[in-house]
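# Structural features, examined
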Amino acid sequence: MCGIAGVLTFPGGDRLDPSLLARMTDTILHRGPDGVGHHVDPPVLMGMRRLSIIDVAGGHQPIGNEDGTVQVVFNGEIYNYRELRQDLERRGHRFRTRSDTEVLVHLYEEHGDAFPRLLNGMFAFALHDRTRRRVLLARDQVGIKPLFVAKLPGQLVFGSEIKALLASGLVPRELDHDALAEFMSWEYVPAPRTLIRAIRKLEPGCTLAVDLDRGAVQERRYWDLPAADAVEPGEERAWADRLDAAIGQAVRRQMVADVPLGALLSGGVDSSMVVSQMGKGALTFSIGFDDASYDELPHARRVARHLGVRHEVETIRADVRGMFDHLMHFMDDPIADFSIFPTYLVSRLARRHVTVALSGDGGDELFGGYDTYVAQAMAGRWQRLPAFLRQGVIAPLLDRIPPRPQKKGLINKAKRFVEGARLDPALGHARWRLFMDAALRGNLFTAGMGEQRDTGAEAHVRRYMQEAEARDPVDRALHVDMKSYLVDNCLVKTDRMSMACSLELRVPLLDIELVELAFRMPSSMKLKDGQTKPLLKEVTARHVPRESVYRTKQGFSIPIKHWLNDAFRPLTDELLAPERLKADGLFQPDTVQRLLAEHRSNRANHSHVIWAMLVFQDWKTRWGVGH
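We now turn to the structure provided with this report. (Residues numbered from 1 in each chain as written. Predicted model: local features only at pLDDT ≥ 70, side-chain atom pairs only at ≥ 80, totals over all residues. Heavy atoms only, no water.)

This brings us to the overall build of the chain. Looking only at helices and strands, one finds 25 helices and 19 strands in the chain. Over its C-alpha trace the chain gives a radius of gyration of 24 Å, about what one expects of a compact globule, namely 25 Å for 627 residues. For the chain, with 627 residues in total, the buried portion stands at 63%. Put simply, 71% of the contacts in the chain that link residues at least 6 apart link residues at least 24 apart. Split by element, the accessible area of the chain, about 23000 Å² in all, is 50% carbon and sulfur. Taken as two groups, the 84 positive and 82 negative side-chain charges of the chain have centres that lie 3 Å from each other. (Helix = DSSP H or I, 4+ residues; strand = E, 2+ residues; numbered from the N terminus. Rg over C-alpha atoms; globule rule 2.2 N^0.38 Å. Buried < 20%, exposed > 50% of the residue type's maximum accessible area, 1.4 Å probe, protein only. Contact = heavy atoms within 4.5 Å. Areas by Shrake-Rupley, 256 points an atom, 1.4 Å probe, with all protein chains shown as cover. Lys, Arg positive; Asp, Glu negative; His and termini not counted. Charge placed at Lys NZ, Arg CZ, Asp CG, Glu CD.)

Before going further, it helps to spend a moment on helix H9 (residues 320–328). The set of residues buried in H9 consists of Val-320, Met-323, Phe-324, Leu-327 and Met-328. Angularly, the buried residues of H9 cover 125° about the axis, an arc narrow enough to put them on a single face. Close packing links the buried residues of H9 with helix H10 (340–351), helix H17 (473–499), helix H21 (560–563), helix H22 (569–575) and helix H25 (607–622). (Arc of directions from axis to C-beta.)

Another point: the packing of H9 against H10. It is at 11 Å that the axes of H9 and H10 come closest, and there the two elements cross at 85°. Between H9 and H10, the angle falls in the class roughly perpendicular. Contacts from Val-320, Met-323, Phe-324, His-326, Leu-327 and Met-328 of H9 reach H10 at Ile-340, Phe-341, Tyr-344 and Leu-345. Considered class by class, the residues forming the contact of H9 with H10 number nine nonpolar, one polar and no charged. (Axes fitted to C-alpha atoms, helices over the stretch in contact; angles between N-to-C directions. Parallel < 35°, antiparallel > 145°, perpendicular 65-115°, else oblique. Nonpolar A, V, L, I, M, F, W, Y, C, P; charged D, E, K, R; others polar.)

Quick look at the nonpolar core now. Formed by 186 residues in total, the largest nonpolar core has its most connected members in Phe-125, Leu-180, Met-184, Phe-587 and Trp-611. If sequence neighbours within four positions are ignored, Met-184 has contacts with Met-436, Leu-444, Phe-445, Phe-587, Val-609, Ala-612 and Met-613. (Core = buried A, V, L, I, M, F, W, Y, C linked by side-chain atoms within 4.5 Å.)

Right, let's talk about the sheet that holds strand E10 (residues 200–201) for a bit. The strand order across the open sheet formed by six strands is E2-E3-E1-E9-E8-E10, and the pairing between neighbours is antiparallel. Of all the strands in the sheet, the pair left with one neighbour each is strand E2 (35–41) and E10. Sheet topology places strand E8 (residues 148–152) next to E10; two bridges connect them, and they run antiparallel. The partner of Val-149 across the bridge, within E10, is Arg-200. Those strands touched by helix H1 (residues 19–26) are strand E1 (2–9), E2, strand E3 (44–50) and strand E9 (155–159), and its axis lies near 30° from that of E3. (Pairing = 2+ DSSP bridges.)

If you walk across this open sheet you meet the five strands as E15-E14-E13-E16-E17, and the pairing is parallel. The sheet is open, and its two borders are formed by strand E15 (310–316) and strand E17 (504–506), each paired with just one other strand. Recorded for the sheet is a direction-independent mean angle of 30° between the axes of neighbouring strands. In this structure, strand E13 (residues 261–264) lies alongside strand E16 (residues 356–358), joined through three bridges in parallel fashion. Each residue of the ladder has a partner; that of Ala-263, found in E16, is Leu-358.

Before going further, it helps to examine the packing of aromatic side chains. Summed over the entire model, instances satisfying the criterion amount to 16 aromatic pairs. Residues Phe-324 and Phe-568 carry aromatic rings whose centres are separated by 6.0 Å and whose planes lie at 70° to one another, so their mutual orientation is edge-to-face. Highlighted residues: Phe-324 in helix H9 and Phe-568 in the loop between H21 and H22, separated in sequence by 244 residues. Residues Phe-324 and Phe-568 agree in their burial class; the two are buried. Here the aromatic residues Phe-324, Phe-338, Phe-341, Trp-563, Phe-568 and Trp-611 are joined through ring pairs into a cluster of three or more. Above the plane of the ring of Tyr-464 lies Arg-463, whose end atom (NZ or CZ) is 4.8 Å from the centre. The lysine or arginine in question, Lys-526, covers the ring of Phe-519, its NZ or CZ lying 5.3 Å from the ring centre. (Phe/Tyr/Trp six-rings, centres within 6.5 Å; stacked < 30°, edge-to-face > 60°. Lys NZ or Arg CZ within 6 Å of the ring centre and 35° of its normal.)

All chains considered together, the criterion is met by 46 salt bridges. The closest approach of N and O atoms between Lys-163 and Asp-332, which form a salt bridge, is 2.7 Å. Here the residue Lys-163 occupies a position in helix H4 (residues 162–167), and Asp-332 occupies one in the loop between H9 and H10, the gap between them amounting to 169 residues. Residue Lys-163 is classed as buried on the basis of its relative accessible area of 3%. Under the relative-accessibility criterion, Asp-332 is labelled buried at 2%. (Salt bridge = Lys/Arg side-chain N within 4 Å of Asp/Glu carboxyl O.)

Moving on to the side chain of Asp-511. Within the secondary structure, Asp-511 sits in the loop between E17 and helix H18 (512–518). Here Asn-120 takes part through its side chain, which lies 3.2 Å from a polar atom of the side chain of Asp-511. Among the polar contacts listed, one links the side chain of Asp-511 to the side chain of Arg-253, at a separation of 3.0 Å. Apart from the residues within four sequence positions on either side, Asp-511 is in contact with Asn-120, Ala-250, Arg-253 and Gln-254. (Polar contact = N/O pair within 3.5 Å; in protein donor to acceptor, adjacent residues only side chain to side chain.)

This paragraph deals with the pairing of E1. Burial runs high along E1: eight of the eight residues are buried. Residue alternation in E1 divides its side chains into two sets, Cys-2, Ile-4, Gly-6 and Leu-8 and Gly-3, Ala-5, Val-7 and Thr-9, and both sets are buried. Pairing of E1 with E3 involves seven bridges; the strand directions are antiparallel. Across the sheet, the residue bridging to Ala-5 is Gly-47, located in E3.

What follows is about the environment of Phe-285. Secondary-structure assignment places Phe-285 in strand E14 (residues 283–289). Note on Phe-285: relative accessible area 0%, which makes it buried. With 250 residues separating them in the primary sequence, Phe-285 and Gly-35 have C-alpha atoms 27 Å apart. Apart from the residues lying within four places of it in its own chain, the contact partners of Phe-285 are Gly-262, Ala-263, Leu-264, Leu-265, His-311, Glu-312, Val-346, Leu-349, Ala-350, His-353 and Val-354.

Its 18 residues give helix H6 (residues 236–253) an end-to-end C-alpha distance of 25 Å, which sits within 8% of 26 Å, the value for a rise of 1.5 Å per residue. Trp-239, Ala-240, Leu-243, Asp-244, Ala-246, Ile-247, Gly-248, Ala-250, Val-251 and Arg-253 are the residues of H6 that are buried. Close packing links the buried residues of H6 with helix H7 (269–276), E16, helix H11 (363–367), H18 and helix H19 (534–540). (Expected span 1.5 Å × (residues − 1).)

This brings us to the packing of helix H5 (residues 177–186) against H25. Two numbers describe a pair of packed helices, the interaxial angle and the distance between the axes. The N-to-C vectors of H5 and H25 enclose an angle of 140°; their axes lie 8 Å apart at closest approach. Considering the angle they form, H5 stands oblique to H25. For the pair H5 and H25, the contacting residues are Leu-180, Phe-183 and Met-184 in the first and Val-609, Ala-612, Met-613, Val-615 and Phe-616 in the second. Of the residues belonging to the contact of H5 with H25, the class tally is eight nonpolar, no polar and no charged.

By themselves, these figures tell us nothing about what the structure is for.
Structural data, given as structure tokens:
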């Protein structure tokens, strides 16, 4: 696990001082505190920071082929590297290390630009072919590892984090107003945009081929989710056996490491299933909260006892205000997901004991785990109610009931359902993830944002919905989430927060073989009679107590709606002060004050919108972004 960065200069571009490469890689020290490597071969500058996992002594980067004409810097892990290496050796390739990185240069020699489709892993890399004067950038199939790119006049700048690109001094720090509208609406910026206009994300399953002589850049997709007609029928029991075996294989594949390894255990279905496949004596980590409605420690302890694993726990009594300043340094591609806090804290706990940890991320997007899928299934029945009852009685009544202090509960769920049901049905299940509709955007953003404030904040959802038109409603929703919510929010959170602790976090449920299997599985086994993840739960119940499996889903979150009124109130008053907002010219101060007043008096829960504004305001100031 590492971080990479680099600059490619095209004909006519300014000659660069190679020392800028050190500035870029220094910004991502946390991604690789064990070593640094630079490849300086103008017009190519590329470097990396190393977190040593495989071949600790011999796997230093950059790594080249036999004659050094192909060089690579690599972030991630290749889980099938041993099988790939054996095949390459049979074909005559010679290896000098035991690392997984070295297979990349030989695969390129053998298969050309298409070779990433052979990889089972999480990765982002830059490969320089000196003979053909070209560079190949690539990102893993699902988007577990990040890769940012800025195509500028004369140069192309890339890196694992935006801060590395900014450290080059070449990238203009100009706000993308369209991306801000998306960020405030969804709490993340959908690919390929970022909040900085010049910087784009390389999308999952894609390569970017760069011709150094012509300055030409060509993006290609080498992998995609299985098509709708790939779904295979079958009996539920047979599918359960198949899924059980596949998860076991994925977990065992991802347990390969030359350093200590453990797992994050929330006590939920996904992490419990992963830990159940690790064997007795595995080391697991959990955190809890003082607020019982957010605390899952009892569930995690029950699972740990049942499986006979070693279990380290910590209850959060942290200085969350002080932690905000620390975590925002790692949010240069910001998301407004509250769960960055527990993800960071459990990663910090794990890093005290191990260098690698497995997590259960991805299970919801593959096997149908979100309440939004249930809400979409219920929407038809809601619409069949007489309009006077929906709009004249039930909705106004719920609007008048203040939100409840606990995390979820019937009242909070009902209020959220009605809010989402008012939005455009064409958004499908995603409307229950939209925290700022067009009306609120119109009231919140200033005229200075111009027409850009609402030129399509929902466009990515519509695009992915159309892409998945041939799928049934459940698989269509999963397709949308795999393409956007998972990669642009959930995996950003796990990557940034684990790397902030120099912890490699692996996600066995997103093993590429398991992803492809899940999209061949009938959707009736992912959502059935209002039950989420029915097949995965059945499989998990083979290994852990049924009461741990069939309980209300809580999710990995924090009591942010309360913290905004106490621990974060001074920060809110500072970053959202009317005079500051007026000077910035992006948000309407009167609208912001109204939202704050309603939230603080418990007339409404505006925590998502308020938190997104806090994160954005801090981000803009921290990274010196103008508009």
